[in-house]
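Architecture at a glance
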Amino acid sequence: MKTWIKWMIAKIILIGILLGLLLYAKRDSTSVSIVIAMLTTFIVILFLRIKNPDKYKTDERLNKLYSRAVAWSWQITLLIVLFIFWFNYLELFVFTVDAIINTVFLTMIISLVIFRYFFMRKADIK
Amino acid sequence: MKTKIKELRAKYNLTQDDLAKKVGVRRETIVFLEKGKYNPSLQLAHDIAKVLKSKIDDIFIFKK
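This is a predicted model, so every value here is computed, not measured.

Description of the packing of aromatic side chains
Residues and elements named next belong to chain A.
- Applying the stated criterion across every chain, the model contains eight aromatic pairs over all chains.
- Seen from their ring centres, W86 and Y89 are 5.6 Å apart, and the 90° between their planes marks the pair as edge-to-face. Taken together, the residues span about one helical turn, with W86 and Y89 both in helix α3 (residues 60-89) at a distance of three residues.
- Look at W86 and you get partly exposed, because its relative accessible area is 42%.
- Classification of Y89 by relative accessible area gives exposed; the value is 56%.
- Between the aromatic rings of F93 and F95, the centroid separation amounts to 5.0 Å while the plane-to-plane angle is 50°, which identifies the pairing as tilted.
- Here F95 falls in the buried class, since its relative accessible area comes to 19%.
- Each member of the aromatic cluster is reached from another via a ring pair, and the members are W72, F115, F118 and F119.

Let's talk about the pattern of salt bridges
- Summed over all chains, the structure comprises four salt bridges over all chains.
- One salt bridge connects K64 of chain A with D124 of chain A, and the closest N-O pair in it is separated by 2.9 Å. Placement of the pair is K64 of chain A in helix α3 and D124 of chain A in the segment after α4 (97-120), with a sequence separation of 60 residues.
- A salt bridge links R26 of chain B to E28 of chain B, with the shortest nitrogen-to-oxygen separation between them at 3.0 Å.

Conventions adopted
- Residues numbered from 1 in each chain as written.
- Chains lettered and ligands numbered in written order.
- Predicted model: local features only at pLDDT ≥ 70, side-chain atom pairs only at ≥ 80, totals over all residues.
- Heavy atoms only, no water.
- Phe/Tyr/Trp six-rings, centres within 6.5 Å; stacked < 30°, edge-to-face > 60°.
- Helix = DSSP H or I, 4+ residues; strand = E, 2+ residues; numbered from the N terminus.
- Buried < 20%, exposed > 50% of the residue type's maximum accessible area, 1.4 Å probe, protein only.
- Salt bridge = Lys/Arg side-chain N within 4 Å of Asp/Glu carboxyl O.

Pasting the structure below:
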């Protein structure tokens, strides 16, 4: 079995376990909606990867560019966390735990998508 | 950096896709290598040299 398929299955199982815990902890329509949305997304991604394996194949160049994108995404997320800390400390803005988690989560995903798009268009990085 | 990948590829009747599959990279990587815009790892350079039956120094030319 190809390596990426094994990783995909492992990720799905891990996320399934985490989502199972989430559902157990908080039984409401939001949790169920999140579970359905994420499961659907993963099934679609898996289907696309199986159907077009060459399109999603990575090599050393793409791995290098993707690592740089992840690094930048983490730096932006860290900056956002820093802002949240100081806003909270100076009582400029009151954040709930849910708001912080959602902000950090969305920042990570959106910044990763943006930086990945930016870096994947480059030939190489130094 | 300049490369002679294109010339050597033509010599052995290999397309960019053929070479990419032989060395285990995407076709876009070969494109960028031929243009001299991507610096390959030593492993990749060695694999390309092996496929094109040449030495690394003969394929990748670094300008000073």
